[in-house]
Structures are given as structure tokens and as C-alpha cells.
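Summary of structural features
Here is what each chain is made of, one letter per residue.
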Amino acid sequence: MAADEHDDGPEGTREPEKPAPRARPRRAAATPMARRPVVRARARYVRTSARKARMVCVHLRGRPVDEARAILAFSPRGVGRDWSKLLESAVANAEANHELVGDELIVREAYADEGPTIKRFRPRAMGRATPIEKRTSHLTITLTPAP
């Protein structure tokens, strides 16, 4: 027997054999969501806190545009009006720029990020002042055609 055939190296350690790479299953083209056009509209510096805006946008995700309009029309929160205007803007963008039918769209994403905080002071007793933070938010809505 030749010495280099079964040479385990020093102290009998041997490198484990690497398993053969597994063949990845091929995807059937791309996912349908990736091919569909995505329409986005943003409203920046909206004078409401992001926390209050998020309470409304949770109800919009995954809904058809007609249903989202109804939810916003009957929303008791004031920021519902801002979301409604943004939704109409996104639908108009889809119809004008991407030649999509507005009633056949669904809300893919809706989220509110924090904007800059406007800082003011309020006079108080004995010459003191307390800070007031007027928060703003950036609203984003994304539409895509229904499957």
C-alpha cells in the first residue's frame, strides 16, 4: 500500500468530505407580486404624530381600494382625512402614470414614519416655560393590482 493513499495526516485526523452541493429548485419564473407594478404616494410633514397615524394605517393594509375608502370615510380620527387624500393621490398616480384601473387596486403597504418635531415653549407661572413638541409624520401608501 502506498503511503500517500491513506495518509491521515498527523495524529490520524482527516478532513471530512464535503457533501455535494444540492441542486436548488428552479422557480417558476418570478413571483407574480414582483412583476406587478407598484404605485407609491407620500405625504410628508403631516401635522400629526406618527403614532396616531399608525393607528389608522393598520386597518388599510391588504384591503381593496374601495374598502379602504370606506374605512377612512368612517374613521373617527382626524388623520383619516390625511390618509384619504393620500389614497386618492396614489389611485390618481396609478391611473395617470401606469394606466391601471383604480378600483382594481389593493393597498400593499401603508406606514407612517416620524418627521421632524417642531419645538415651541409655553409660558407658565412664576416666569417659567415648558416645552411643547409639535410632532409631524411622513405617510406612505403603496398600491398594486389585485391578483
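What counts, and where the lines are drawn
Residues numbered from 1 in each chain as written. Predicted model: local features only at pLDDT ≥ 70, side-chain atom pairs only at ≥ 80, totals over all residues. Heavy atoms only, no water. Helix = DSSP H or I, 4+ residues; strand = E, 2+ residues; numbered from the N terminus. Buried < 20%, exposed > 50% of the residue type's maximum accessible area, 1.4 Å probe, protein only. Contact = heavy atoms within 4.5 Å. Areas by Shrake-Rupley, 256 points an atom, 1.4 Å probe, with all protein chains shown as cover. Pairing = 2+ DSSP bridges. Axes fitted to C-alpha atoms, helices over the stretch in contact; angles between N-to-C directions.

**Things to note about the overall build of the chain**
Scanning the chain from N- to C-terminus turns up four helices and five strands. In sequence order, the secondary structure elements of the chain are arranged as α-β-α-α-α-β-β-β-β. Counting every position in the chain, which comprises 147 residues, the buried fraction comes to 28%. At a minimum sequence separation of 6, the contacts of the chain that also span at least 24 residues come to 71%. Counting only carbon and sulfur atoms, one obtains 50% of the accessible surface of the chain, whose full area is about 11200 Å².

**Considering the sheet that holds strand β1 (residues 39–46)**
Spatial ordering of the open sheet is given by β1-β5-β2, a layout of three strands whose pairing is antiparallel. Across the chains shown, the open sheet's two edge strands, defined by having one partner strand only, are β1 and β2 (105–114). Averaged over all adjacent pairs, the angle separating strand axes in this sheet is 15°, with direction ignored.

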